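A closer look at the structure
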Amino acid sequence: MYNLELFGGLFFLLLLAAIGLAVAQFSKKPKDTSARFYLAAVLLPLLAALAAVAQHWILGTNYQVDRTAIMFIPLCSLVVFLFFKHLLAQKRSGWRVALAVLVGVFCVVHFGRVAQLRYTSEWGYDAETKNMMAYMDAKIPKGTKVKLGVNWLYHPASTYYQKRFGYDFTEPPVYEKTLRTDGFYDYYYVQPDDVPVLDSLYEVETRFSWVGVLLRKK
């Protein structure tokens, strides 16, 4: 149940340990090339975080969250990788090897639990857009065109799949930030929360998992 929290907590502790090790190494051997490189690697995510804080307070810029914060993954992962590399390079490192193996096993188990190729947490809403477009292509008779509207979240993917597979049952979807409530479209692919807004004009054609609902004009 708390797999993500445990993983995040463990990674945070490893980051703290890596920072402490980098500072200690540089303090002992400030002219050593590897110590300087390790300290520089540690400072990269810290400086990036401080820059984000400074931009927020000085310029009003929003903090990096969700997909905009992906840049921190390789920066922090490099620090932890170098931390384990240092531990395994030490003599009499039996307990260090055991620690590295334990963390490695945990990461493999974690990956096995969450890995899948259907969607990512950031773009889960597009998990069924391809299936929706294929469904419409199979449903609409060849040579017939209908008006298909999509919630703006689905616009990039639906446009891509239409061009990629040559679907000609509709014109390219229009990008609109607000829902049309005038019954203009024959079919409307929307989020589940949009259905109550349109239920006077549309009825449910089919639901695509938990991410989207295809509506048909009454």
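Everything numeric here is computed off the predicted structure, so don't read it as measured data. (Residues numbered from 1 in each chain as written. Predicted model: local features only at pLDDT ≥ 70, side-chain atom pairs only at ≥ 80, totals over all residues. Heavy atoms only, no water.)

A full pass over the atoms with the stated rule returns 8 salt bridges. Ionic pairing is found between Arg-180 and Asp-182, a salt bridge with its closest N-O pair at 2.6 Å. Accessibility expressed as a relative area gives 26% for Arg-180, which makes it partly exposed. Asp-186 is the salt-bridge partner of Lys-217, the closest N and O atoms lying 3.9 Å from each other. With Lys-217 in strand β4 (residues 212-217) and Asp-186 in the loop between α6 (155-165) and β2 (187-190), this pair connects stretches of sequence that are 31 residues apart. On the basis of relative accessibility, which here comes to 34%, the residue Lys-217 falls in the partly exposed class. Owing to a relative accessible area of 26%, Asp-186 belongs among the partly exposed residues under this scheme. By sharing partners, the salt bridges in this structure join Lys-139, Glu-203, Glu-205 and Arg-216 into a single network. (Salt bridge = Lys/Arg side-chain N within 4 Å of Asp/Glu carboxyl O. Buried < 20%, exposed > 50% of the residue type's maximum accessible area, 1.4 Å probe, protein only. Helix = DSSP H or I, 4+ residues; strand = E, 2+ residues; numbered from the N terminus.)

Position of Gln-162 relative to the elements: it lies in helix α6. A residue is classified by how much of its surface remains accessible, and Gln-162, at 5% relative accessible area, is buried.

On β2, burial covers both faces: Tyr-187 and Tyr-189 on one face and Tyr-188 and Val-190 on the other are all buried. In this structure, strand β1 (residues 148-150) lies alongside β2, joined through 3 bridges in parallel fashion. Bridge assignment links Val-150 to a residue of β2, and that residue is Tyr-189. For the crossover that starts at β1, traverses α6 and ends in the parallel β2, the hand is left-handed. As paired elements, β2 and β4 share 4 bridges and run antiparallel to each other. Bridged to Tyr-188 within β4 is Leu-215. (Pairing = 2+ DSSP bridges. Right-handed = clockwise from strand over helix to strand, strands pointing away.)

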